[in-house]
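# Close look at the chain arrangement
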Amino acid sequence: MTYPPQQPDHTPTIPAPQPQPQPWVDPTGQPYPPAQQPAAFPAPPAKPSRRPIIVVAAATIGVLAIGTIGYVVWDGYIKEDSGVAACKAMRDGKSPDGSKDIGDDEKITEAQYREVREVFEDSRHEKIREHGTALMDVAWQVSKLPKGQEMGALAYMGPLTTHMSGLQTACADQGVIVDLNKD
């Protein structure tokens, strides 16, 4: 039996996969010396170190803590309290803000009133703050009475006496004896 001639097979042949050479061997299959081994796969980039950030953060926190503690010590123990300084100024015959005392005939300005009141407001001592600001408020109200109505000041005698003696006591509690009834 004769078979018809066969047609050439035109199916493409796929070559068998060739093993890929390992990056640590040369083309002949011999391993490279360790110092000459090529990097087939580059090493992943090193993670950036967080140590500098941690050091800077710790240093910043340390500086802030030291600064805060220093300020608290300075403001609470080293710096003289403004209310106690006002008591000392009044003891020495000066205005509570430390300036020369104004005469009895002179009217105090609003700026002077606010400045002296602020001295007492800033005090750490509650009683000095309470009586000092109240005394300045009463004195300001009395100074604002119109001419010819000076008898209206009698309405302020009760609060004036209360806060004057309260301020004297508060100053004495801090070791400063103030005689507000000087001649």
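Starting from 1, residues in each chain are numbered consecutively following that chain's sequence as written. In view of the model being predicted, local features appear only for residues whose pLDDT reaches at least 70, and side-chain atom pairs are presented and counted only at 80 or more, with totals across whole chains, interfaces and linings using the full set of residues. To obtain the side-chain values, all non-hydrogen atoms of the structure were used and water was disregarded.

Attention now moves to the packing of aromatic side chains. Here a pair means two rings of Phe, Tyr or Trp (six-membered ring of Trp) with centres within 6.5 Å. Their orientation is stacked below 30 degrees between planes, edge-to-face above 60, and tilted elsewhere. Applying the stated criterion to the full structure yields one aromatic pair. Both rings, one in Tyr113 and one in Trp140, keep their centres 4.7 Å apart while their planes meet at 15 degrees; by these two values the pair is stacked. Of this pair, Tyr113 sits in helix H3 (residues 110–121) while Trp140 sits in helix H4 (residues 126–143); the two residues are 27 residues apart in sequence, bridging distant segments of the chain. Helix and strand assignments follow DSSP, with helices taken as H or I runs no shorter than four residues and strands as E runs no shorter than two, numbered in order from the N terminus.

Another point: the packing of H4 against helix H5 (residues 157–173). Helix axes are fitted only over the stretch in contact, all axes being lines through C-alpha atoms; the angle between N-to-C directions runs from 0 to 180 degrees. One can describe the packing of H4 onto H5 by two numbers: an axis separation of 8 Å at closest approach and a directional angle of 145 degrees. The way H4 lies across H5 gives a crossing that is left-handed. On H5, the residues that touch Lys127, Ile128, His131, Gly132, Ala134, Leu135 and Val138 of H4 are Pro159, Leu160, Thr162, His163, Met164, Gly166, Leu167, Ala170 and Cys171. Side-chain classes follow a simple rule in which Ala, Val, Leu, Ile, Met, Phe, Trp, Tyr, Cys and Pro form the nonpolar group, Asp, Glu, Lys and Arg form the charged group, and the remainder, Gly included, forms the polar group. By residue class, the composition of the contact of H4 with H5 is 10 nonpolar, five polar and one charged. Left-handed describes a crossing whose near helix is turned anticlockwise from the far helix through less than a right angle; right-handed describes the clockwise counterpart. In this analysis, two residues are considered to be in contact whenever any of their non-hydrogen atoms come within 4.5 Å of each other.

In what follows, a disulfide is any cysteine sulfur pair within 2.5 Å. Scanning the entire structure with this criterion turns up one disulfide. Linked covalently through their sulfurs, Cys87 and Cys171 form a disulfide whose S-S length is 1.8 Å. In this structure, the disulfide formed by Cys87 and Cys171 twists by about -70 degrees around the S-S bond and is classed as left-handed. In this pair, Cys87 sits in helix H2 (residues 82–91) while Cys171 sits in helix H5, placing the two residues 84 residues apart along the sequence. Accessibility classification places Cys87 together with Cys171 in one group, the buried group. Think of it in three bands: residues with accessible area under 20% of the maximum for their type are buried, residues over 50% are exposed, and the middle band is partly exposed, with areas taken using a 1.4 Å probe on protein chains only.

Such coordinate-based values are descriptive only and should not be taken to indicate function.
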